[in-house]
Amino acid sequence: ADAYETRYARKVDVIVRGSRDGVVDLRAGRLDVALADSPAASDDGLQQTTIAYAPLALVADPNAGVTSVTLADARAIIEGTIRSWRAAGGADIPVARFDRPSGSAADRVLSVALRLNPKRSRGDVGDTSSSIVADVRATRGAIGLVVLPYAGDLSGVRVLSIDGRAPDAAGVRAGYPLLGAELAV
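Visitor: Describe in detail the overall build of the chain, supporting the description with residues and values.
Guide: When helices and strands are tallied, the chain shows 6 helices and 9 strands. Here the C-alpha atoms of the chain give a radius of gyration of 18 Å, agreeing with the 16 Å that 2.2 N^0.38 yields for 185 residues. When the backbone C-alpha atoms are referred to their principal axes, the chain occupies close to 55 × 35 × 30 Å. Looking at the chain as a whole, 42% of its 185 residues are labelled buried. Restricting to contacts in the chain with at least 6 residues of sequence separation, those with at least 24 account for 65%. About 10200 Å² of surface is accessible on the chain, with carbon and sulfur atoms providing 51% of the total. Averaged over its 22 positive side-chain charges, the chain has a centre that lies 4 Å from the centre of its 22 negative ones.

Visitor: I'd like to hear about a nonpolar patch on the surface, residue by residue, with values.
Guide: Together, Val33, Leu35 and Ile51 line one region of the surface with nonpolar side chains, adding up to about 310 Å² of accessible area. Along the chain, Ile51 turns up in strand S2 (residues 49–60).

Visitor: An account of the pattern of salt bridges is needed here, citing residue identities and associated values.
Guide: All told, the structure shown has 3 salt bridges when counted by the stated rule. One salt bridge in this structure joins Asp25 and Arg30, with 2.6 Å as the shortest N-O distance. Under the relative-accessibility criterion, Arg30 is labelled exposed at 54%.

Visitor: Go over the nonpolar core with me, naming the residues and quoting the values.
Guide: Here is a general trend for soluble globular proteins: nonpolar side chains tend to be buried in one another's company. With 40 residues, the main nonpolar core has Leu58, Val69, Ile77, Trp85, Leu110, Leu160 and Leu178 as its most contacted residues. Elements with a contribution of two residues or more to this core: S2, helix H3 (71–79), helix H4 (105–114), helix H5 (129–138) and strand S6 (142–147). It is S2 that contributes the most residues to this core, 6 residues altogether. Those residues within four positions of Leu178 in sequence are excluded, and the remaining contacts are Ala54, Pro55, Leu56, Val109, Leu110, Ala113, Leu145 and Ile162.

Visitor: A description of the packing of H3 against H4 should follow, citing residues and the corresponding values.
Guide: For any two helices packed against each other, one specifies the crossing angle of their axes together with the interaxial distance. Following both chains from N to C, one finds H3 and H4 inclined at 130°, their axes separated by 10 Å at the closest point. What the angle tells us is that H3 and H4 run oblique. The hand of the H3/H4 crossing is left-handed. Contacts between H3 and H4 involve Leu71, Ala74, Arg75 and Ile78 from the first element and Leu110, Ala113 and Leu114 from the second. Here the contact of H3 with H4 is built from residues that sort into 6 nonpolar, no polar and 1 charged.

Visitor: Can you lay out empty space enclosed by the protein for me, pointing to particular residues and giving the numbers?
Guide: Under the criterion given, the structure shown has 1 cavity of 30 Å³ or more. Its boundaries defined by the atoms lining it, the largest cavity holds a volume of some 40 Å³. Contributing to the lining of the largest cavity are Ile78, Phe98, Asp99, Arg100, Asp107, Leu110, Arg120, Gly144 and Leu145. Among the residues making up the lining of the largest cavity, the classes are represented as 4 nonpolar, 1 polar and 4 charged.

About the thresholds
Each chain has its residues counted from 1, running along the sequence as written. Only residues with pLDDT of at least 70 get local features here, since the model is predicted, and only at 80 or more are side-chain atom pairs given and counted; chain-wide, interface and lining totals rely on the full set of residues. The side-chain values count all of the structure's non-hydrogen atoms but skip hydrogen atoms and water molecules. Numbered from the N terminus, helices here are DSSP runs of H or I no shorter than four residues, and strands are runs of E no shorter than two. Only C-alpha atoms enter the radius of gyration; for comparison, a globular chain is expected to reach 2.2 Å times N to the power 0.38, where N is the number of residues. Burial classes follow relative accessibility: with a 1.4 Å probe on protein chains only, a residue under 20% of its type's maximum area counts as buried, one over 50% as exposed, and anything between as partly exposed. Contact between two residues is taken to exist if any of their heavy atoms lie within 4.5 Å; hydrogens are not considered. The protein chains shown are the only cover counted for residues, whose accessible areas, like all others here, come from Shrake-Rupley with a 1.4 Å probe. His is not counted here, nor are the chain ends, while Lys and Arg score as positive and Asp and Glu score as negative. Charge positions are represented by NZ for Lys, CZ for Arg, CG for Asp and CD for Glu. Without a salt bridge and with relative accessible area above 30%, a residue can belong to a patch; like charges are then joined within 9 Å and nonpolar side chains (Val, Leu, Ile, Met, Phe, Trp, Tyr) within 5 Å. By definition, a salt bridge exists where a carboxyl oxygen of Asp or Glu is found within 4 Å of a side-chain nitrogen of Lys or Arg. Here, nonpolar core means buried Ala, Val, Leu, Ile, Met, Phe, Trp, Tyr and Cys residues that are tied together by side-chain atoms lying within 4.5 Å of each other. Interaxial angles span 0 to 180 degrees and are taken between N-to-C directions of axes, which are lines fitted to C-alpha atoms, for helices over the stretch in contact. Any angle that falls under 35 degrees is termed roughly parallel, while one over 145 is termed roughly antiparallel, one within 65 to 115 roughly perpendicular, and all others oblique. In this scheme, a crossing is called left-handed if the near helix is turned counterclockwise away from the far one by less than a right angle; it is called right-handed if the turn is clockwise. When residues are grouped by polarity, Ala, Val, Leu, Ile, Met, Phe, Trp, Tyr, Cys and Pro land in nonpolar, Asp, Glu, Lys and Arg in charged, and all others, Gly among them, in polar. Both site types are read off a 1 Å grid over the protein atoms alone. A 1.4 Å probe that fits but cannot get out defines a cavity, while an open set with protein on both sides within 12 Å along at least five of seven lines defines a pocket; lining residues have an atom within 4 Å of a point. Grid points are joined across faces, edges and corners, and a volume is the space filled by probe spheres set on the points.

Below is the structure:
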């Protein structure tokens, strides 16, 4: 925003909220541009452009004893069929799942990438990446999904690799499976 203001001599106010709130404010005329992780309805006349892809990551309690899970184990953990970290090569402690809201962009990315059962049982729900990090940090054996650019302080949690691929530039080039589109609307 600062570089844009300097280059074009135009004031930019950055307001950080959820994607849905941003699109609502855009439709109401309170914003000129909204950044979103979910497409706006195609019938409302809003134009949208994909501007980036953000890595999503599974974060876990370090006491779980794993640094990487297989895609199959990630699916089984999220669907609730793996109930102890021991089954995924970790410590003999129960898995505590923190899910994203059903139908959210993060939930859709995870569901498609892991081919999850849409009727799966769900754990406790956290609405934001930073709230998931806080929940995982505070809960023994916990796991949750975050959008890394919005996760905040990751101390006290472990970012898991999937099939040995980390959610970073090298891992993405090697086929890391959890990427979500970021849109300018």
